Amino acid sequence: MALGSEMVDLLELSPDFVRDPYPVYAQLRERGPVHHVRTPDGEQVWLVVGHEACRAAFTDPRLSRDWRRSGDIGQIINTEQDDPSLAHMLMSDPPDHTRLRRLVAREFTPRRIEALAPRVQQITDELLDAMEANGDRRADLVDTFAFPLPMTVICELLGVPELDRESFRDWSNEMTARTSPEAQAAAYEAMPRYLTSLIDAKRTEPGDDLLSAMIHAVDEGGDRLSPSELIGMCVLLLIAGHETTVNMIGNGMRALFAHPDQLADLRADLGLLDGAIEEMLRYDGPVETCTERLVLEDVEMGGVVIPKGSVVLIAMADADRDPARFKEPDRFDIRRDARGHIAFGHGLHYCLGAPLARLEGRIALRSLLERFPDLAVDAEEAELPWIPGMLIRGVKKLPVRW
């Protein structure tokens, strides 16, 4: 059993890593499930690859998400240790995680999510109407459709005023894929400040929205969210509530454009759509690696010891391309049984909003394909600008024509 392993620079393995990390992950997986790596941002982390190893890492209690209590938040985010933006369930372990998730889970039941379908369809139709009105017959699919759809849905769900949504986009982008440490710090300062005033307003005049419900939510034991937890949960829901769907739509359409036979099959039979969405999530999901885990004690995985205090990333993107789990994993096949993918995570932190993302994806893709039968990508793959970092996987822009 070896303590540590040779440092691997991901960009040295492939200068094209950010655009196409899959060959690098496959190369590492052949060598073993755990690697000490340098990320494109220059950070040193431990990377877990392979389907079985990733699932095990997600459920290992020695890999913590409670950075606020057990670690130094400055290792992973440029903000203060007690930043209320981080007082949410994704930054906690049981029993805190259990308590926080219970207080909001009732708002994300399948019945409540399905009840959103008519409004999601209405927003989708309005966005496509605006696209269709463009006489140039060209658009950026991210800016005109993939971003505003889930952002409008989650902001309406929470009760965030329309005029403030562009600010939320900027803050969210910096929080998930920072352009600089200074810009990230500014976002972590601005969003809680805005949310504090919004929460005060909702406390005085509650509306028919999720934020008002969370302010007044009390469980059977009399427990409720603290002021910091309200801010933290809003931050989490706003960011997770749109980032996943934006890039699920973008990556899914990129996959279809790159496989015209699959696109033609789906157009011919939209009954394949549910399975196609699961294959899109497996083949090129919107989240490349999990949010950073903190190693609470020396952990042995795959014959390698990861030292206490280290940062661990779980490569969900690689897990879903593991030939030990999926036959011919690099082949995009909308008829494949893609169940078992971990695009939404695994274990305690499995994405609470996965049903909402699937609903939005189903309505968005069906409507887009029906409305624009000649929709095609309007740029070379190599020209597309990619979101930096290893958390969110997707392009900043996706030019299309019809």
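Scroll up a little and you will see the structure.
Below, the structure is looked at part by part. (Residues numbered from 1 in each chain as written. Predicted model: local features only at pLDDT ≥ 70, side-chain atom pairs only at ≥ 80, totals over all residues. Heavy atoms only, no water.)

### Quick word on the overall build of the protein
Thinking step 1. Helices and strands together make up the secondary structure of the protein, namely 17 helices and 12 strands.
Thinking step 2. Against the compact-globule benchmark of 21 Å for 402 residues, the protein has a radius of gyration of 21 Å, which places it among compact chains.
Thinking step 3. Considering only C-alpha atoms, the protein reaches an extent of 60 × 55 × 40 Å along its principal axes.
Thinking step 4. A fraction of 70% describes how many contacts in the protein between residues 6 or more apart in sequence connect residues 24 or more apart.
Thinking step 5. When the accessible surface of the protein is summed, it comes to about 17,000 Å², and 50% of that surface belongs to carbon and sulfur atoms. (Helix = DSSP H or I, 4+ residues; strand = E, 2+ residues; numbered from the N terminus. Rg over C-alpha atoms; globule rule 2.2 N^0.38 Å. Contact = heavy atoms within 4.5 Å. Areas by Shrake-Rupley, 256 points an atom, 1.4 Å probe, with all protein chains shown as cover.)

### Structural notes on the side chain of Thr244
Thinking step 1. The topology assignment puts Thr244 in helix 13 (residues 227-258).
Thinking step 2. Given the relative accessible area of 11%, Thr244 is considered buried.
Thinking step 3. Other than its neighbours up to four places away in sequence, Thr244 contacts Pro286, Val287, Phe344 and Ala357. (Buried < 20%, exposed > 50% of the residue type's maximum accessible area, 1.4 Å probe, protein only.)

### Details of the sheet that holds strand 5 (residues 63-64)
Thinking step 1. One open sheet accounts for 6 strands, arranged 2-3-4-10-7-5; its pairing is mixed. On the outer flanks of this sheet lie strand 2 (8-9) and strand 5, each paired with one strand and no other.
Thinking step 2. With 2 bridges joining them, strand 2 and strand 3 (residues 34-38) adopt parallel strand pairing. Across the sheet, Val8 pairs through a bridge with Val37, a residue of strand 3.
Thinking step 3. Helix 2 (residues 22-31) rests against strand 2, strand 3 and strand 4 (44-48) of the sheet, and its axis sits at about 140 degrees to strand 3. (Pairing = 2+ DSSP bridges. Axes fitted to C-alpha atoms, helices over the stretch in contact; angles between N-to-C directions.)

### Thoughts on empty space enclosed by the protein
Thinking step 1. Taken as a whole, this structure holds 1 cavity of 30 Å³ or more when the rule is applied.
Thinking step 2. Estimated volume of the largest cavity: approximately 30 Å³.
Thinking step 3. What lines the largest cavity is simply Leu281, Arg282, Gly285, Val287, Met316, Ala317, Asp320 and Ala343.
Thinking step 4. Put simply, the parts of the chain that give the lining of the largest cavity at least two residues each are helix 15 (273-284) and helix 16 (316-319). (1 Å grid on protein atoms, 1.4 Å probe; cavity = no way out; pocket = protein on both sides within 12 Å on 5 of 7 lines; lining within 4 Å. Points joined across faces, edges and corners; volume = space filled by probe spheres on them.)

### Structural notes on the pairing of strand 4
Thinking step 1. The buried fraction of strand 4 amounts to 4 of the 5 residues, a majority that puts the element mostly inside the structure.
Thinking step 2. Inspection of the sheet shows strand 3 paired to strand 4 by 5 bridges, in the antiparallel sense. The partner of Arg38 across the bridge, within strand 4, is Gln44.
Thinking step 3. From the end of strand 3 to the start of strand 4, which pair antiparallel, there are 5 residues, and Gly42 there has a positive phi angle of about 90 degrees.
Thinking step 4. Here strand 4 pairs with strand 10 (residues 311-314) via 3 bridges, running parallel. In the sheet register, Trp46 faces strand 10, and the bridge partner there is Val312.

### Points about the packing of aromatic side chains
Thinking step 1. Within this structure, the stated rule accounts for 7 aromatic pairs.
Thinking step 2. Measuring from centroid to centroid gives 6.1 Å for Trp171 and Tyr194, while their planes differ by 50 degrees, and the two rings are tilted. Pair noted here: Trp171 is in helix 10 (residues 165-176) and Tyr194 is in helix 11 (residues 181-204), with a separation of 23 residues, a long-range link.
Thinking step 3. A connected cluster of aromatic rings, assembled from ring pairs, spans Phe168, Trp171 and Tyr194.
Thinking step 4. The ring of Phe147 carries the charged tip of Arg169 above its face, separated from the ring centre by 4.0 Å.
Thinking step 5. The ring centre of Phe326 lies 5.4 Å from the NZ or CZ of Arg282, which sits over that ring. (Phe/Tyr/Trp six-rings, centres within 6.5 Å; stacked < 30°, edge-to-face > 60°. Lys NZ or Arg CZ within 6 Å of the ring centre and 35° of its normal.)

### Points about the pattern of salt bridges
Thinking step 1. Overall, the coordinates contain 33 salt bridges when judged by the stated rule.
Thinking step 2. The partner of Lys397 in a salt bridge is Asp140, and the shortest N-O contact between them spans 3.7 Å. Separated by 257 residues along the polypeptide, Lys397 in the loop between strand 11 (376-377) and strand 12 (399-401) and Asp140 in strand 6 (residues 138-140) bring together distant segments of the chain.
Thinking step 3. Classification of Asp140 by relative accessible area gives buried; the value is 14%.
Thinking step 4. Among the salt bridges present, the one from Asp284 reaches Arg254, with a minimum N-O distance of 3.2 Å. With Asp284 in helix 15 and Arg254 in helix 13, this residue pair connects regions lying 30 residues apart in the sequence. (Salt bridge = Lys/Arg side-chain N within 4 Å of Asp/Glu carboxyl O.)

### Some remarks on the sheet that holds strand 11
Thinking step 1. In spatial order, the strands read 6-12-11; together these 3 strands make up an open sheet with antiparallel pairing. The open sheet has two edge strands, strand 6 and strand 11, and neither has a second partner.

### Overview of the pairing of strand 10
Thinking step 1. The alternating pattern of strand 10 places Val311 and Leu313 on one face and Val312 and Ile314 on the opposite face, and all of these are buried.
Thinking step 2. Strand direction decides the pairing type here: strand 7 (residues 293-295) and strand 10, joined by 2 bridges, are antiparallel. Bridging from a neighbouring strand, Leu294 pairs with Val311 of strand 10.

### Topic: helix 7 (residues 117-132)
Helical geometry: 3.6 residues make up each α-helical turn, so side chains three or four residues apart lie on a common side.
Thinking step 1. Here helix 7 spans 22 Å end to end across 16 residues, near enough to the 22 Å set by a 1.5 Å rise per residue.
Thinking step 2. Among the residues making up helix 7, those that are buried are Ala117, Val120, Ile123, Thr124, Leu127, Leu128 and Met131. The buried residues of helix 7 occupy an angular sector of 130 degrees when projected down its axis, which confines them to one face. Opposite the packed face of helix 7, turned more than 90 degrees from it, sit the exposed residues Pro118 and Ala130.
Thinking step 3. The elements touched by buried residues of helix 7 are helix 6 (110-114), strand 6, helix 8 (141-146), helix 9 (148-158) and helix 17 (354-371). (Expected span 1.5 Å × (residues − 1). Arc of directions from axis to C-beta.)

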